[in-house]
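A structural walkthrough
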Amino acid sequence: PEEGAREAVLLEFDDLTLMRHGGIVGMRRTLAQALDRLTAVKPKAVAVDVILADPGTEADDRRLAEAFARTPNLVLGTDLIPNADQWEQPYAPFR
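About the criteria used
- Residues numbered from 1 in each chain as written.
- Predicted model: local features only at pLDDT ≥ 70, side-chain atom pairs only at ≥ 80, totals over all residues.
- Heavy atoms only, no water.
- Helix = DSSP H or I, 4+ residues; strand = E, 2+ residues; numbered from the N terminus.
- Expected span 1.5 Å × (residues − 1).
- Buried < 20%, exposed > 50% of the residue type's maximum accessible area, 1.4 Å probe, protein only.
- Arc of directions from axis to C-beta.
- Phe/Tyr/Trp six-rings, centres within 6.5 Å; stacked < 30°, edge-to-face > 60°.
- Contact = heavy atoms within 4.5 Å.
- Core = buried A, V, L, I, M, F, W, Y, C linked by side-chain atoms within 4.5 Å.

Across its 13 residues, helix α4 (residues 58-70) extends 18 Å between first and last C-alpha, which sits within 8% of the 18 Å expected from 1.5 Å per residue. Within α4, burial applies to D60, D61, L64, A67 and F68. Around the axis of α4, the buried residues are gathered within 125 degrees of arc, so they sit on the same side. Exposed residues lying more than 90 degrees from the buried face of α4 are E58 and A69.

Below you can see the structure in the form of structure tokens.
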């Protein structure tokens, strides 16, 4: 996206893309690359609406954690676990 070109940008991974990248765990490298591109245009906020609760590979987790750290005003998704009275949180290195 061009800087200042849009009020909001939606980046979506469809089911086919997820499958090609190894599911939620396997798409971390792609998500990190996308965040780096978004960060370059200085967004006011970025929300990642996916629960990244489980670890991936060490290299991909580190790369994604670094991308998260560079992304200002980042909001990560959580979810209330049904009938468990607790939240499913993102994987600890991402918090």
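Pairs of aromatic rings are described using the distance from one ring centre to the other and the angle between the two planes. In the structure shown here, the tally under the stated rule is 2 aromatic pairs. Taken together, F68, Y91 and F94 form an aromatic cluster joined through their ring pairs.

As a further point, take the side chain of D61. Along the chain, D61 falls in helix α4. Among the residues examined, D61 registers a relative accessible area of 7% and is labelled buried. Every residue in contact with D61, bar those within four places of it in the chain, is listed here: R28, P55, G56, Y91 and F94.

Bringing the nonpolar core into the picture now. The biggest cluster of nonpolar side chains holds 12 residues, and these are L18, M27, L31, A32, L35, V46, V48, L52, L64, A67, F68 and F94. Elements supplying a minimum of two residues to this core: α3 (28-40), β1 (46-48) and α4. When near neighbours in sequence (up to four residues on either side) are disregarded, A32 contacts R63, L64 and A67.

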